[in-house]
Every structure is written in structure tokens, then in C-alpha cells.
Amino acid sequence: MSLTLDEIQKIARLARLRVTPEEATQLQSHFSGLFALVDELQAIDTEGVLPMSHAQDIALRLREDKVTETDRRDALQAVAPQVEKGLYLVPKVIE
Amino acid sequence: MQWEVVIGLEVHVQLNTKSKIFSGSSTAFGAAPNAQANAFDIALPGVLPVLNREAVEKAIRFGLAIGAKVNRTSIFARKNYFYPDLPKGYQISQFELPIVEGGTLAIQVGDQEKVVELTRAHLEEDAGKSLHEDFHGMSGIDLNRAGTPLLEIVSEPVMRSSAEASAYGKALHSLVTWLDMCDGNMQEGSFRMDANVSVRPKGETKLGTRCEVKNVNSFKFLEKAIDFEVRRQIELIEDGGKVVQETRLYDPDRDETRSMRSKEDAHDYRYFPDPDLLPLQVSEAWIERVQAGLPELPQALKTRFMADYALPLADASQLSGNKAVASFFETAVKTLGGEGKLVANWVLGEVMAQLNREEKSIDASPVTPQQLAGLLKRISDNTISSKIAKDVFAAMWAGEGEADAIIDAKGLKQITDTGAIEAVIEDVLANNAAMVAEYKAGKEKAFNALVGQCMKASKGKANPAQVNALLKQKLDA
């Protein structure tokens, strides 16, 4: 299985990456290599094997419902590019 | 052409835990921006989610309450999309194996009952908030809400009118507050509804193309948004057009839905199991414990109220919509030792009206259920009329004391002595010759006017039934 250049561009767009046509061609061959690995996995007979959602066969640990964090806004915002009135500022997201 | 409306609802219920679903930050509403957004919530590199046990327990409680299947194993998945109020670039949600599957909820539309099937309910994290006011052409991001636990409850597309959709919304709202899993505050966004709406020719079994209507934060707006959307789709199709599957925003100011401009790939979420979270296992013992702790549910209570107190469906259903109201009613009726219908009338009438006027919840009622029972006792033993009882109730509400004390102090005891009532009637007849003449000329209305005069003359204290009978006797003699 291999991907078309249009599909490569769609994946790039979903990941918010700008990909030049040259890069797309390069990625196409990288992806094809990956798909070859997937094909090998697909070929294995998994009849009767339950699907796993995680590589480790143990159960999730849970925590008690307690507030353990304190307000560290000033420290956290010290590394933000732009803040105002306690808000993180980002380029406008609606037109 | 006859059209059939098809509606399914997705409701985001904020679970009222103290801390967030995957971090130890507080979930309290109204804190200063980002004061409750810590390293995990703002997605600093290297942070890992740890699931809140209480959020899981509330989801289990909901699943058991609607008779659903609670999955012993469920899986968290990443829902990928980019938006600044979702700092990780994905929302942790459940996709393939949600914690709750199936279940039903009974709703009431008019005097009809209908059972709505549910598809699923899954745990996920809420996003932050974007503020688009002017920050020099930028958006401000507050991540306090990011990570608040949500249970997204999805119904099957089985509702056939906006009234049914809103009845379902109300029943669900009442259930989640009843179960103490959500504070139900719609203004603060604790209970948010999206409606999937489509239409199809009557008799058609295939579903039409649906639109998702977002941003409805009240039951009234839910009905209006659906009504608008249904009209829009029918007109579109009848004019030869086609409904395009899209997300639309409801604008309550203009009472219309508008298309949300979204990119073509917006709905390609590329779900996959979150490698940071192992499968969630729910033990039999845990489920049994939650089951044992379930309160009597609204539906069961409604049925019991109808059976125990001979209430009509409408009253029983209103009283069982809210736990505090139900308990107020039941305490009053038990204190009084019966007369369910009388108590229901007063709780749903005077008590509710006063509470609404003063925007109080029933827990804050200045008249306790025991005091109300004390008042109603005096109606049922004919000490006072219902009309006088309203004045006594107002005095009780104002803190003037118990019903009996007020009745005594104000001399409000009903006059049931036949002689005394006859004296009042004689007086009224003598002073209202014109009305008497009108009545004798065949004007029935004049009779009511005369009753009114008698009640007035007795300052409302004469027993109305006796006034009626005695007056008739005198006039027709």
C-alpha cells in the first residue's frame, strides 16, 4: 500500500505542517517504508486474539479526588510568549 | 408533503468532582484566569494523566441509574484537533470502548410517557475557554476549565419533536443532579446540549442528512433552535435544495441557526488509544458498591407518589423532578397524615410561586414542610377557607409564626355557624335589592355577585360552601 501525494498533503495539513512538493515526494517514500512494516504485521494470523489497546497487560491506576495543585500561574506564565490579565495570548482564532 | 423530524441529543455533563479528571487542579468555577491551570492542564512536555476515581464512580452511577451496560474494561483515546484552548493538540476522550453503553430514560411529553434509548456515555476532559475580545487583535486563553471531567451522554435519534427533545433534556438534567454527579448550573456551562436534527418524508425509514446545532444553554432555546432548524431544512428541500451535513450555531438574539465556517478536514479526528493511559478496569465489587448506594430514582419516586398519594401523573412528575422538592412534599404529607393532592397543590402552587418570585431554592424556604402541614390541617378541618389560607401562608412566609398563632392573632377562623352566616346574608340582601331583582329576573351572574358581597361582609371568613347553600335557599324561598 502507498499514499498519493494528495494524501500526504492532507496528513500534513491535519498536522499543521507546511510541506513543499519535494518534501512530499520524499515523505511518500518514507511512508511507503512504514506501510511495508504494517503489511508484515497485517499478514500475521490474529484469529481468536483479542485486540489490545496497550502494550502492557495491567490495569489503570486511579487517584483520589483531591486538589493537590496550587496556583503557580506566575511561574508558568513566565515562559509564555505573551500574557495579559492572566490570560495566554495567541493569534486570533476566529475571523 | 408530510415530514418527520428526527432528533438525537449529545449532552456534555460536567461532573462535580473537586479536582480535574487527569490532574490535581481544582475545578471550582469562577477563579482568576489560569489560577487553576497547572503543568498538566497547560500540557507542558513530560506531564502524564492520572485518572480521578470519583469521575469514574459518577459515570458508573449514571450507567446503573439508566439501566445501561457498564463496561468492565473501557479505553481512553486521543481525539486530535488543533485549537488554542486545547493545549495538548488532542482531547482525551473515549471512542471504541466507552464506560457506559445503552440504557434508557423515560420522558414525559404532555400526559404521554415515552422511553428514550441512549447510545453511550463516555468520560472525557473539557477544553479551556477562548476570549475573543480585543487583546490587540489576539485571543486570550483561560485554561481553568481545561481538564474538568465531562460525561458526554449520547441518545439514539429517537425524538420526533422539539418538545420531546426538551423533555429528554429536562429528564436528563433532573437525573444527573439527582445523582449528585453534576451541579446542573446551565449558566455556568455545567450541562451543555447539542442537537442532531434531520427531517425525512413521513414513512421513509432512511435517515435524512443531519445538522448538529450547538450552543444551546437552555431548554427554551433548545426548542427554538430545533424548530428553526426543522423549518430551514424543510424549506431547503422543498425548494429543490439539499441539506449539507454541518455544524450550526444557535443565535438566541436572532432566533436562528447559522453555519459555523469550518475547514474541510475539521472532523478528521484520527482517534487512537492513548498510550499514556492503560485500560480502565471496573471491578464487580465496585459496581455492587455503587449500586447499593444509589438513591431512589425520579422515575421510581414518581410511580410511588402516584400509588401512595393518589396523585395525577402531572403532579407526581413535577414533584419528582427535584430531590429537595420531592422530600419537602413527602415530609409535609407525612406530617399532615394524608391529603396528598392538597399538599401537592400547595407545594407546586403557593410554595413554588413564592420561591420563584424570590429566586430561592426550596431548601431556603422560610416555611418548613412541617409548618405547611400545620396550615393545611386548618383547611382540611374547615377552620379556614383556602382563600384565607393564602393570607395566612403569606404571613408565615413573612416570618410571623405558625399557622395556628396567625389564625388566632388575626381572628381568621372560618365562620361555620349557620345563624351567623344567615345574619350576614340578611344584611347583604337588604343592602343589594338591585342585585336580588336581577337574580329573580333570571340573571345567574347576580348570584355570584351576591356570594361575593357576603364573603366581603364576613371579611372572607364565612364558609363559602355554606354561604352558597344558604343564599340559594333564601333567594329561591
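Everything here concerns the structure above.
Computed from a predicted model, the values in this text were never measured in an experiment.

Conventions adopted
Along every chain, residues carry numbers that run from 1 in the direction the sequence is written. Chains carry letters and ligands carry numbers; both start at the beginning, A for chains and 1 for ligands, and go up in the order they are written. The predicted nature of this model means local features are confined to residues of pLDDT at least 70 and side-chain atom pairs, given and counted, to a pLDDT of 80 or more, with totals for whole chains, interfaces and linings taken over all residues. Side-chain descriptors were evaluated using all non-hydrogen atoms of the structure, hydrogens and water having been removed beforehand. By this definition, two strands are paired if DSSP reports at least two bridges between them. Secondary structure elements follow DSSP: runs of H or I of four or more residues count as helices, runs of E of two or more count as strands, with numbering from the N terminus. Cavities and pockets are found on a 1 Å grid laid over the protein atoms alone: a cavity is a set of points where a 1.4 Å probe fits but cannot escape, a pocket is an open set with protein on both sides within 12 Å along at least five of seven lines, and a lining residue has an atom within 4 Å of such a point. Grid points are joined across faces, edges and corners, and a volume is the space filled by probe spheres set on the points. Three classes are used, and their members are as follows: Ala, Val, Leu, Ile, Met, Phe, Trp, Tyr, Cys and Pro are nonpolar, Asp, Glu, Lys and Arg are charged, and the others, Gly among them, are polar. Here the bounds of each domain stem from an automatic or database domain assignment. For the exposure calls, accessible area comes from a 1.4 Å probe over protein chains only, and a residue counts as buried if that area is under 20% of its type's maximum, exposed if over 50%, partly exposed in between. Note on contacts: a residue pair is in contact if any heavy atoms of the two residues lie within 4.5 Å. Buried area counts how much accessible surface, traced with a 1.4 Å probe, disappears from two parts once they are put together, with both parts' losses summed. Salt-bridge detection follows one rule: a side-chain nitrogen of Lys or Arg within 4 Å of a carboxyl oxygen of Asp or Glu.

Undergrad: Explanation requested: the sheet that holds strand S2 (residues 83-84) of chain A in the structure shown.
TA: Strand pairing in a sheet relies on backbone hydrogen bonds, with the paired strands running either antiparallel or parallel. Strand order in the open sheet made by the four strands is S2(A)-S3(A)-S11(B)-S10(B), with antiparallel pairing throughout. Taken across any chain shown, the strands that pair with only one partner, and hence form the sheet edges, are S2 of chain A together with strand S10 (129-135) of chain B. Direction of pairing for strand S3 (residues 87-91) of chain A relative to strand S11 (residues 138-142) of chain B: antiparallel, over a ladder of four bridges. When the bridges of S11 of chain B are listed, Val90 of chain A appears paired with Ser139 of chain B.

Undergrad: Explain the layout of surface pockets to me, please; I cannot follow it from the model alone.
TA: In this approach the atoms are scanned with a rolling probe the size of a water molecule, which exposes any empty space left behind. Residues and elements named next belong to chain B. Taken as a whole, the second largest pocket holds about 1,400 Å³ of empty space. Broken down by element, the lining of the second largest pocket gets its largest block of residues, ten residues, from helix H2 (residues 162-178). Taken together, the residues that form the lining of the second largest pocket break down as 20 nonpolar, 15 polar and seven charged. Counting contributing residues, the lining of the second largest pocket receives three or more from each of domain 1 (3-289) and domain 2 (296-410).

Undergrad: I would appreciate a short explanation of the pairing of strand S13 (residues 191-201) of chain B in the present structure.
TA: Side-chain positions along a regular strand alternate between the two faces of the sheet. Residues and elements named next belong to chain B. The element S13 is largely enclosed, with a buried count of nine among its eleven residues. The sheet contact formed by strand S1 (residues 3-14) and S13 spans eleven bridges and is antiparallel. Directly across from Val13, in S13, lies its bridge partner Phe191.

Undergrad: Explain the interface of chain A and chain B here, please?
TA: Much of the literature gives interface size as the accessible area that the parts lose upon coming together. Listed as interface residues are 39 residues of chain A and, on the opposing side, 56 residues of chain B. Taking both partners together, chain A and chain B bury about 4,100 Å²; carbon and sulfur atoms supply 60% of that area. Summed over the three residues of chain A that lose the most area to chain B, namely Leu60, Arg63 and Asp65 of chain A, the buried surface amounts to 18% of that side. Summed over the shared surface of chain A and chain B, the result is two salt bridges. Put simply, Lys10 of chain A and Asp268 of chain B hold a salt bridge, and the shortest N to O gap is 3.0 Å.

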